[in-house]
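Examination of the molecular architecture
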Amino acid sequence: MNRTGKALQARHVDAGSCNGCEQELTSLTNRFYDFQHQGLDIVASPRHADVLIVTGPVNDTMYLPLHTVWNAMPSPKWLMAIGDCAAGCGVFQSAYASHGGVAKALQTPDVVVKGCPPEPQQILDALKQLRLNASGV
């Protein structure tokens, strides 16, 4: 697969997080990180996405929508867990409505960025690495 020059299109799903990871993910759009000029973008439709970014422990309410988004994405596709909750080791793992992270609710993620919340640079580095790997460079 050769995707050289093509931006990595990401679809984000908040699967019941506290919004800490979303704030860090959103900061990638500011002038300092400017992730669009690095070949990365967030898209609204899963049909346009290459990677699914999940934040949160995957609660009961978001279990089915998460599967719906994942199944709507064309192959090849990648799964990325951002934050300890999505990675399966966060503070909400034992909550009654939690499914214990992406690995238990969907499948083992291709990329995991741990932290509560992880720093924007960690997220950006992981996305850039995934873009390089996806392009076959």
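The structure reproduced in this document is the subject of the present report. All figures in this text were calculated on a predicted structure; none of them were measured in a lab. Position numbers for residues start from 1 in each chain and track the written sequence from start to end. For a predicted model such as this one, the threshold for reporting local features is a pLDDT of at least 70, and the threshold for listing and counting side-chain atom pairs is 80 or more; totals across whole chains, interfaces and linings nevertheless cover every residue. The side-chain values count all of the structure's non-hydrogen atoms but skip hydrogen atoms and water molecules.

The criterion for an aromatic pair is that two Phe, Tyr or Trp rings (for Trp, the six-membered ring) have centres within 6.5 Å, with stacked assigned to planes under 30 degrees apart, edge-to-face to planes over 60 apart and tilted to the rest. For the coordinates displayed, the defined rule picks out one aromatic pair. Arranged with centres 4.8 Å apart and planes meeting at 90°, the rings of Phe32 and Tyr33 form a pair that is edge-to-face. Since its relative accessible area comes to 67%, Phe32 is described here as exposed. Note that Lys77 overlies the ring of Trp70, its terminal NZ or CZ placed 4.4 Å from the centroid. Burial status follows relative accessibility: with a 1.4 Å probe on protein chains alone, a residue under 20% of its type maximum counts as buried, one over 50% as exposed, and anything between as partly exposed. A ring is scored as having a charge over it whenever the NZ atom of a lysine or the CZ atom of an arginine sits within 6 Å of its centre and within 35 degrees of its normal.

To qualify as a helix, a DSSP run of H or I must reach at least 4 residues; to qualify as a strand, a run of E must reach at least 2; elements of each kind are numbered from the N terminus. For strand 3 (residues 51-55), a buried count of five out of five residues is recorded, marking the element as mostly surrounded by other parts of the structure. Burial along strand 3 is two-sided: the residues Val51, Ile53 and Thr55 and Leu52 and Val54 are all buried. Whether two strands pair depends on DSSP finding at least two bridges between them. Note: strand 3 against strand 4 (residues 78-82), five bridges, orientation parallel. Residue pairing for strand 4: Thr55 is matched across the bridge by Ile82.

Take the buried residues of types Ala, Val, Leu, Ile, Met, Phe, Trp, Tyr and Cys, join any two whose side-chain atoms come within 4.5 Å, and each joined set is a nonpolar core. In terms of nonpolar packing, the biggest core is built from 21 residues, with Leu28, Val51, Ile53, Met80, Ile82, Ile123 and Leu127 touching the most fellow members. Sorting the residues of this core by element identifies strand 1 (8-14), helix 1 (20-26), strand 3, strand 4, strand 5 (111-113) and helix 5 (120-135) as the ones contributing at least two each. A total of six residues in this core trace back to one element, the largest contributor, which is helix 5. What Met80 contacts, discounting residues up to four positions off in sequence, is Val51, Leu52, Ile53, Val54, Val111, Val113, Ile123, Ala126 and Leu127. Ala15, Val54, Leu66 and Leu79 belong to the second largest nonpolar core, which has 17 residues in total. The criterion used for residue contact is that any of the two residues' heavy atoms lie within 4.5 Å.

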